[in-house]
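The chain contents come next:
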Amino acid sequence: MASPKLLLLSLLLLATFVVASLANLYQDIDITWGDGRAKILNNGDLLTLSLDKTSGSGFQSKNEYMFGKIDMQLKLVPGNSAGTVTAYYLSSQGPTHDEIDFEFLGNLSGDPYILHTNVFSQGKGNREQQFYLWFDPTADFHTYSILWNPQRIIFSVDGTPIREFKNSESIGVAYPKNQPMRIYSSLWNADDWATRGGLVKTDWSKSPFTASYRNFNANACVWSSGSSSCSSASPSSTSSNGGWYSQELDSTSQERMKWVQKNYMIYNYCTDTKRFPQGLPPECTAS
């Protein structure tokens with residue numbers, strides 16, 4: 001008969017295997033383009049995207065989702081990343097698509113990345129907010145999260161909310177809620193606009209440029225064959241979703257978001273009166 005210690009060790013090893021298998025990128029991700037420039041490494045624990053003068057690369061999630069909390073750890077292109085864009089976003093397909101964007105705009109060595117966020121609903125975007133980060137996103141992995149439920153979308157970095165887009169259908173603003181979306185990510189050359197409006201070009205002598213990904217987690221309703229994996233009667237009561245389906249920002253989270261927006265936001269469409277001379281979008285002035 002096995003000793004209790006051996007039995008405990010076996011159970012711990014089994015638990016470790018189960019957790020590791022849940023985070024295996026081979027199971028969750030399809031590499032979609034790049035002709036070998038995208039790679040899944042370390043038995044599915046790490047994914048890298050590379051960009052050279054010939055091509056960038058990209059991947060998408062195997063599953064489509066209809067609401068969820070999506071986390072991914074990224075380590076961005078180090079050094080002189082000017083002209084490059086690392087995009088990580090949820091999107092549906094078609095001319096009236098929905099989309100929830102993180103885009104990381106590269107910069108010259110020593111200058112900060114710009115984190116660009118946007119929300120599209122029924123094909124309409126133009127809801128940009130941009131931020132600097134309060135750390136070097138190339139030195140280590142950091143967690144970038146999208147929480148998307150019927151009431152709100154929350155963008156977070158390392159658990160700190162940086163932006164909230166609320167459902168404002170009651171005042172005529174379309175909200176992403178009817179189209180399932182996949183996760184997509186790509187590393188590509190956008191030196192016609194990415195860095196200082198296109199003034200700084202990509203330095204191809206520094207290529208290949210590489211961004212790294214790990215610890216993908218989708219705590220989400222999977223959409224398949226026209227139906228959701230969540231209970232249609234009461235998704236919020238399903239034990240596995242951790243409460244994200246009805247989650248909102250508590251007072252502490254609201255204060256943390258205000259801190260980020262006060263100290264690190266560098267562009268907000270909701271204050272750009274020159275861009276919207278006929279009046280700011282209605283969600284900007286809603287209380």
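Residues numbered from 1 in each chain as written. Predicted model: local features only at pLDDT ≥ 70, side-chain atom pairs only at ≥ 80, totals over all residues. Heavy atoms only, no water.

A closer look at the sheet that holds strand S9 (residues 129-131)
Logical step 1: Pairing is antiparallel in the open sheet, where 8 strands are placed in the order S1-S4-S13-S6-S7-S8-S9-S16. The open sheet terminates on both sides in strands that have one partner only, identified here as strand S1 (29-33) and strand S16 (265-268). Going from strand to strand, the sheet's axes swing by 15 degrees on average, the running direction of each strand aside.
Logical step 2: Judged from the 8 bridges that link them, strand S6 (residues 84-91) and strand S13 (residues 182-189) form a sheet pairing that is antiparallel. Note on S13: the bridge partner recorded for Ala 87 is Ser 186. (Pairing = 2+ DSSP bridges. Helix = DSSP H or I, 4+ residues; strand = E, 2+ residues; numbered from the N terminus. Axes fitted to C-alpha atoms, helices over the stretch in contact; angles between N-to-C directions.)

Some details on the state of the cysteines
Logical step 1: Taken as a whole and assessed by the stated rule, the structure comprises 2 disulfides.
Logical step 2: Here Cys 221 pairs with Cys 230 through a disulfide, and the sulfurs are 2.0 Å apart. Measuring the twist about the S-S bond at about -95 degrees, one finds the Cys 221-Cys 230 disulfide to be left-handed. Here the two residues Cys 221 and Cys 230 agree in accessibility, since each one is buried.
Logical step 3: A disulfide bridge connects Cys 270 with Cys 284, and the sulfur atoms are separated by 1.9 Å. Since a negative S-S torsion denotes a left-handed disulfide, the Cys 270-Cys 284 link at about -75 degrees is left-handed. Highlighted residues: Cys 270 in the loop between S16 and helix H4 (282-285) and Cys 284 in helix H4, separated in sequence by 14 residues. (Disulfide = S-S within 2.5 Å. Buried < 20%, exposed > 50% of the residue type's maximum accessible area, 1.4 Å probe, protein only.)

Considering unusual backbone geometry
Logical step 1: The omega angle of the peptide bond from Ser 207 to Pro 208 is 5 degrees, so this bond is cis rather than trans.
Logical step 2: When you line up the elements, Pro 208 lands in the loop between S13 and strand S14 (209-224).
Logical step 3: The backbone of Asp 35 shows a phi angle near 50 degrees, a positive value even though the residue is not glycine.
Logical step 4: Position of Asp 35 relative to the elements: it lies in the loop between S1 and strand S2 (39-41).

Focus: the layout of surface pockets
By rolling a water-sized probe across the atoms, one finds the places where empty space is left.
Logical step 1: Of the volumes computed, that of the largest pocket is approximately 570 Å³.
Logical step 2: Lining the largest pocket are 18 residues, and of these Glu 164, Lys 166, Met 257, Glu 283 and Ala 286 sit closest to its centre.
Logical step 3: Broken down by secondary-structure element, the contributors of at least two residues to the lining of the largest pocket are strand S12 (160-166), helix H3 (251-264), S16 and H4.
Logical step 4: Taken together, the residues that form the lining of the largest pocket break down as 7 nonpolar, 6 polar and 5 charged. (1 Å grid on protein atoms, 1.4 Å probe; cavity = no way out; pocket = protein on both sides within 12 Å on 5 of 7 lines; lining within 4 Å. Points joined across faces, edges and corners; volume = space filled by probe spheres on them. Nonpolar A, V, L, I, M, F, W, Y, C, P; charged D, E, K, R; others polar.)

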